[in-house]
Amino acid sequence: PGLPSSYLKIISDYDLHEKRIGYFSVSPTAFDTNDMVETLINDNTVDSFLPQDFLDKKGLIWVGSDGGDYTIYVTKGSDEFEEGEVILIDEEIFVDIDNPATKDIQLLNKDFEQFLIVAGNLNQVHREVKKDDSNYEEKKQEFLERLKKLNVDEKYHNAWLSLFC
């Protein structure tokens, strides 16, 4: 209960348990189970990365990570976020969780399906960056053009570009 319908449809149609798309794990990973539903329940209650009152206030459900400093959430909808939006939260949020810096919480996509598509595109373009970074700016621009072609709202672009490193 409480899962955004756009997210529920994706996890009903596809087995995302313990799967990765590029840099992103597309299921939470704190509680080791063989079942996506059980993992979602446990990782959003028993083993929640962020305090439960914070998640409830913001309407967030932990659904993945980048394997490093960021966790990924879908929103149930709140005063701040539309239902189904995908949010990237920096672990540095713990510095002041009651007053997080703008950079600590970033909007990524309108829904989880768009997130999966953009994550795959990010991975593909980033793999084409040469080891000496001589084409880095060209590939970053190519990724930005892909965001536009995929109709990703501009309000999400900066968050994605910050991940292009």
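Quick notes on the rules
- Residues numbered from 1 in each chain as written.
- Predicted model: local features only at pLDDT ≥ 70, side-chain atom pairs only at ≥ 80, totals over all residues.
- Heavy atoms only, no water.
- Helix = DSSP H or I, 4+ residues; strand = E, 2+ residues; numbered from the N terminus.
- Buried < 20%, exposed > 50% of the residue type's maximum accessible area, 1.4 Å probe, protein only.
- Contact = heavy atoms within 4.5 Å.
- Areas by Shrake-Rupley, 256 points an atom, 1.4 Å probe, with all protein chains shown as cover.
- Salt bridge = Lys/Arg side-chain N within 4 Å of Asp/Glu carboxyl O.

(A) Representation of the overall build of the protein chain. Within the protein chain, the secondary structure is distributed over six helices and six strands. Mapped from its N terminus to its C terminus, the protein chain presents α and β elements in the order α-β-β-α-α-β-β-β-β-α-α-α. Expressed as a percentage of its 165 residues, the buried residues of the protein chain come to 47%. Considering only contacts in the protein chain between residues 6 or more positions apart, those separated by 24 or more positions represent 46%. With an accessible surface of roughly 8,900 Å², the protein chain has 47% of that area assigned to carbon and sulfur atoms.

(B) Just the pattern of salt bridges, in detail. Counted according to the given criterion, the structure contains eight salt bridges. A salt bridge links E128 to K139, with the shortest nitrogen-to-oxygen separation between them at 2.8 Å. Taken together, the positions of E128 in the loop between α4 (112-127) and α5 (136-149) and K139 in helix α5 put the pair 11 residues apart, joining distant regions of the chain. When its relative accessible area of 33% is taken as the criterion, E128 is described as partly exposed. Note that E145 and K148 form a salt bridge whose closest N and O atoms lie 3.8 Å from each other. Taken together, the residues E145 and K148, both in helix α5 and three residues apart, mark about one turn of the helix. Under the relative-accessibility criterion, K148 is labelled partly exposed at 40%.

(C) Fine view of the environment of R127. Relative to the elements of secondary structure, R127 occurs in helix α4. For R127, a relative accessible area of 60% puts it in the exposed group. C-alpha of R127 to C-alpha of K139: the two residues are 12 residues apart in sequence and 9.6 Å apart in space.

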